[in-house]
Amino acid sequence: MIEIKNLYKTFSSGDDRVDALRDISLTIADGDVYGIIGMSGAGKSTLVRCINMLERPTSGAVIVDGKDMGTLSTSQLRDARREITMIFQQFNLLMQRTCLQNVCFPMELSGVKKAAARKRAMELMELVGLPDKAGAYPAQLSGGQQQRVAIARALATDPKVLLCDEATSALDPNTTHQILSLIRDINAKMGITVVVITHQMSVVKEICKHVAILDHGTVAEEGLVSAVFAAPKSEAARRLVFPDRVDEQVSNPHSEGQLRVIFRDAKTTSIPLVARMARELGIMANVISATTQPIDGETYGSMLLGVPHDQMESALAFLGSIPNMTVEEVTDLV
């Protein structure tokens, strides 16, 4: 378990002071895939670097598997970091070493005998789907292949925690999906706790069970990914879940109000809501936007509807009566 308690991190330079993290408290369960998401400058990368003490917090505590990371000696922290490994956006492979040698490297530092290290490295190259690239150099690989080698290297010390700092940001969408699928499989097979740092809601929705949304160094919202997607409460969460502003030409606020409808499961998504409201209540709703997508094995969707002001109450009552559906009036689109 990872426990982050009242964490603060302040950077100072002369008279300048930046509060990168302010009173962060989170609990990440063993075996979870936990997303930490926010826009640029939200503090997410600083937070993940505090977990393994690459950045020392100004105050507060990070407790991993019962160990207060901030109280460990240099040698104890070195040992702890073997159980908390990290992959990065730019892969950080040693370009003068072969892929197999890159995977062997952390085991060499740990004193593992050469033959045992090579055997384990080959097993890991097999795990990430690149047994034929063991003798290749990183420059000969694609970005996705390099990230697979980086994942294999991160697993070489049999860690309990894998930190992923924007690990797919440099990859195209198809390769991103492949890397996320690999990380999800590793989590399922090996039980490793995964912490995913990203600015992309699509990454969180594809792989994470829980999420914390950071905004200007604070936790704006946290919980199950499905719950946050279904009913985001904070302004920061709304910006991430519903990133596109609606063109005023699509919806005229003088003639209609707007309702955000979130629905869950395939049965609910198949209900012809707009047609039923028109037929049964005479409400002519304007579909401003709509989308569906899978999250954690269920189908979720959202619609933004334009509804005449004098029919808003009836529309709210009708939509609110449907199971597995939430509806709210939108007064400030994000």
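Residues numbered from 1 in each chain as written. Predicted model: local features only at pLDDT ≥ 70, side-chain atom pairs only at ≥ 80, totals over all residues. Heavy atoms only, no water.

Moving on: the layout of surface pockets. Over the atoms, a rolled probe matching the size of one water molecule traces out where space is still vacant. If you add up the space inside the largest pocket, you get close to 620 Å³. Forming the boundary of the largest pocket are 19 residues, of which R81, T85, M86, P106 and L109 lie nearest the centre. Across the lining of the largest pocket, the residue classes break down as 10 nonpolar, 5 polar and 4 charged. (1 Å grid on protein atoms, 1.4 Å probe; cavity = no way out; pocket = protein on both sides within 12 Å on 5 of 7 lines; lining within 4 Å. Points joined across faces, edges and corners; volume = space filled by probe spheres on them. Nonpolar A, V, L, I, M, F, W, Y, C, P; charged D, E, K, R; others polar.)

Once that is clear, we can look at the nonpolar core. Counting 57 residues, the largest nonpolar core has I87, V103, V149, I151, I183, I207 and I213 as the members making the most contacts within it. Not counting chain neighbours up to four residues away, the residues in contact with V103 comprise A121, L124, M125, V149, A152, R153 and A156. (Core = buried A, V, L, I, M, F, W, Y, C linked by side-chain atoms within 4.5 Å. Buried < 20%, exposed > 50% of the residue type's maximum accessible area, 1.4 Å probe, protein only. Contact = heavy atoms within 4.5 Å.)

Here the focus is unusual backbone geometry. In this model, D65 sits at a positive phi of 50°, which is unusual for a non-glycine residue. Here D65 shows up in the loop between β4 (59-64) and β5 (67-68). What makes D65 partly exposed here is its relative accessible area of 40%. One non-glycine residue, E166, lies in positive phi territory at about 50°. (Helix = DSSP H or I, 4+ residues; strand = E, 2+ residues; numbered from the N terminus.)

Next up on the list: the packing of helix α3 (residues 99-109) against helix α5 (residues 143-155). Closest axis-to-axis distance for the α3/α5 pair is 7 Å, and the angle between their directions is 30°. Between α3 and α5, the crossing angle belongs to the class labelled roughly parallel. Considering only the axes of α3 and α5, their crossing is right-handed. Where α3 approaches α5, its residues C99, N102, V103 and P106 are matched on the opposing element by V149, A152 and R153. The residue makeup of the contact of α3 with α5, split by class, is 5 nonpolar, 1 polar and 1 charged. (Axes fitted to C-alpha atoms, helices over the stretch in contact; angles between N-to-C directions. Parallel < 35°, antiparallel > 145°, perpendicular 65-115°, else oblique. Left-handed = near helix turned anticlockwise from the far one by under 90°.)

Of all 5 residues in strand β3 (residues 33-37), 5 are buried, a share of seventy percent or more. Two elements, β3 and strand β8 (residues 193-198), share 5 bridges in a ladder whose sense is parallel. If you follow I36 over to β8, its bridge partner there is I197. Examined bridge by bridge, β3 and strand β9 (residues 210-215) share 4 bridges and lie parallel to one another. Paired with I37 across the strands is I213, a residue of β9. (Pairing = 2+ DSSP bridges.)

Time to look at α5. Taking 1.5 Å per residue as the helical rise, α5 with its 13 residues ought to reach 18 Å, and the 19 Å between its terminal C-alpha atoms agrees with that figure. Of all 13 residues making up α5, 11 are buried, and the element is well covered by its neighbours. Along α5, the residues classified as buried are G144, Q146, Q147, R148, V149, A150, I151, A152, R153, A154 and L155. Of the surrounding elements, those touching the buried residues of α5 are β6 (84-88), α3, α4 (114-127), β7 (161-165) and α6 (173-190). (Expected span 1.5 Å × (residues − 1).)

Remark on secondary structure: sheet strands pair via backbone hydrogen bonds, oriented parallel or antiparallel. With mixed pairing, 6 strands are arranged side by side in an open sheet as β6-β7-β8-β3-β9-β10. Two strands close off the open sheet at either side, each with one partner strand: β6 and β10 (218-224). Across the sheet, the axes of successive neighbouring strands diverge by a mean angle of 15°, strand direction being ignored. Packed on one face of the sheet, α5 meets β6 and β7 and runs near 170° to β6.

Let's shift gears to the packing of α3 against α4. Close contact between α3 and α4 brings their axes to 9 Å; oriented N to C, the two are set at 120°. With respect to each other, α3 and α4 are oriented oblique. In this structure, α3 meets α4 at a crossing whose hand is right-handed. Together, C99, L100, V103, C104 and M107 of α3 and A117, R118, R120, A121, M122, L124 and M125 of α4 make up the contact between the two elements. Grouping the constituent residues of the contact of α3 with α4 by class yields 10 nonpolar, no polar and 2 charged.

Turning next to the sheet that holds strand β2 (residues 16-28). What the 4 strands build is an open sheet, ordered β2-β1-β4-β5; its pairing is antiparallel. Among the strands making up the open sheet, the edge pair consists of β2 and β5. Where strand β1 (residues 2-13) meets β2, 9 bridges bridge the pair, whose relative direction is antiparallel. Within the sheet, the bridge partner assigned to K9 lies in β2 and is L21.

What follows covers the side chain of K9. As for its placement among the helices and strands, K9 is situated in strand β1. Of the residues examined, K9 reaches a relative accessible area of 10% and is grouped as buried. A distance of 2.8 Å separates the side chain of K9 from the backbone oxygen of R56, its partner in a polar contact. Apart from residues no more than four positions distant in its own chain, K9 is found in contact with V18, D19, A20, L21, T46, E55, R56, P57 and T58. (Polar contact = N/O pair within 3.5 Å; in protein donor to acceptor, adjacent residues only side chain to side chain.)

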